[in-house]
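Observations on the model geometry
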Amino acid sequence: MDPRILELKRHARELSAKRPQSAFCLECAEELGHASNLFFDHPLLVRLQSDALGFLNEPCGLGVEHGKRVAIDAAALVLAEPSGLSQEDRRRLALLAEMAGLLHDALRHEEDHAEKGADLCLRILRGYPLAPEERVWIAQAVALHEADLPLADAGPESARLLSGAVHDADRFRFGPDFFAATLWELCECDDWTLEQIAQAFPKGRELAAACATGFRTEQGRRYGPALIEEGLLLANDYARLFDEMLAANAPSNT
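Below, the structure is looked at part by part. (Residues numbered from 1 in each chain as written. Predicted model: local features only at pLDDT ≥ 70, side-chain atom pairs only at ≥ 80, totals over all residues. Heavy atoms only, no water.)

Here D168 is to be found in helix α9 (residues 157–172). Buried within the structure, D168 lacks any salt-bridge partner; R216 is the closest side chain of opposite charge, at an N-O distance of 5.6 Å. Contact partners of D168, with chain neighbours within four places excluded, come to L77, F215, R216, T217 and G220. (Helix = DSSP H or I, 4+ residues; strand = E, 2+ residues; numbered from the N terminus. Buried < 20%, exposed > 50% of the residue type's maximum accessible area, 1.4 Å probe, protein only. Lys, Arg positive; Asp, Glu negative; His and termini not counted. Salt bridge = Lys/Arg side-chain N within 4 Å of Asp/Glu carboxyl O. Contact = heavy atoms within 4.5 Å.)

So, in structure tokens, the structure goes:
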């Protein structure tokens, strides 16, 4: 890899480390803690991580790590969202949210990946101790995770909340995560040069900015725009780093 990119990544990590914790992390710390424990300790999640590994072992920034982040944040959103669900039902739905979050991009590089991913969910989860409607809800959440559609017709409250939480948790990734982690993984996958990364970078900022609206859950609308804004602030710092590094390597006219 171009040593300039390694240096740029080092500076990016430093910038990210200096970023204060987001309001989502601070105010939903209890829900995020439960969601993290669920992801690493619940036998169904441990089993699913193993079953899905072959589909998630994707080095292009949308593999296991991306699925884990979406899974944990989706479960936290389910736990934090005001609803008429009992605590027991809410915790069960958080488990389903983690399953959907983990699997949502399993077929990311295929055409119509959301619909194909939903079919994959139904196949993988066939032998799991889930109610038939729970499998359908998980598959529906995967199918709708990128669609900008109202969820009024997405079934009962549990199904709507599940789909909304997975959608919003995935959109959260266009905040600091995108500029601090996923961007660099994508660049490594495509073996881009520094000049190519700098040229494509503004498109990433535009994509992130476009994700500042359209959140489906109350908590998504509460925390999502601030996360996107944090990501865009980081992007401005990264753009400055690009300019400085390209200028330092520019050929001299003298």
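Back to the text.
Next up on the list: the nonpolar core. Soluble globular proteins: nonpolar side chains tend toward being buried together. F24, M99, I138 and L162 are the most contacted members of the largest nonpolar core, which totals 78 residues. Top element by residues in this core is helix α12 (residues 218–248). It accounts for 11 residues. With sequence-adjacent residues up to four places away left out, L162 is seen in contact with L93, L96, A97, W137, I138 and A141. (Core = buried A, V, L, I, M, F, W, Y, C linked by side-chain atoms within 4.5 Å.)

To continue, consider the pattern of salt bridges. Counting across every chain of the model gives 10 salt bridges. Of the charged contacts in the structure, one is a salt bridge between E65 and R69, with a shortest N-O distance of 3.3 Å. Here E65 and its partner R69 are both found in helix α5 (residues 64–80), 4 residues apart, which amounts to about one turn of the helix. Measuring nitrogen to oxygen at the nearest pair gives 2.9 Å for the salt bridge that ties R92 to E134. You can see R92 sitting in helix α6 (residues 87–103) and its partner E134 sitting in helix α8 (residues 132–143), a full 42 residues away along the chain. Overall, R92 belongs to the partly exposed group, its relative accessible area being 30%. Among the charged side chains, a network of salt bridges with common partners joins E7, R10 and E14.

Now for the packing of helix α3 (residues 29–41) against α6. It is the contact of α3 with α6, at a shortest axis distance of 10 Å, that shows an interaxial angle of 65°. Crossing handedness for the pair α3 and α6: right-handed. Judged by residue contacts, H34, A35, L38 and F39 of α3 engage R91, A94, L95, E98 and L102 from α6. For the contact of α3 with α6, the class distribution of residues is 6 nonpolar, 1 polar and 2 charged. (Axes fitted to C-alpha atoms, helices over the stretch in contact; angles between N-to-C directions. Left-handed = near helix turned anticlockwise from the far one by under 90°. Nonpolar A, V, L, I, M, F, W, Y, C, P; charged D, E, K, R; others polar.)

This part is about the packing of aromatic side chains. By the definition in use, this model includes 5 aromatic pairs. Taken together, a centroid distance of 5.1 Å and an interplanar angle of 70° make the contact between F24 and F172 edge-to-face. Of this pair, F24 sits in helix α2 (residues 23–27) while F172 is found in helix α9, placing the two residues 148 residues apart along the sequence. Judged by relative accessible area, F24 falls into the buried class, the value being 3%. Centre to centre, the rings of F39 and F40 are 5.1 Å apart; their planes meet at 80°, and the pair counts as edge-to-face. Accessibility expressed as a relative area gives 2% for F39, which makes it buried. When its relative accessible area of 47% is taken as the criterion, F40 is described as partly exposed. Ring-pair connections join several aromatic residues into one group, and the members of that group are F24, F172, F215 and Y223. Across from the ring centre of Y128, 3.8 Å away, lies the NZ or CZ of R47, which sits over that ring. (Phe/Tyr/Trp six-rings, centres within 6.5 Å; stacked < 30°, edge-to-face > 60°. Lys NZ or Arg CZ within 6 Å of the ring centre and 35° of its normal.)

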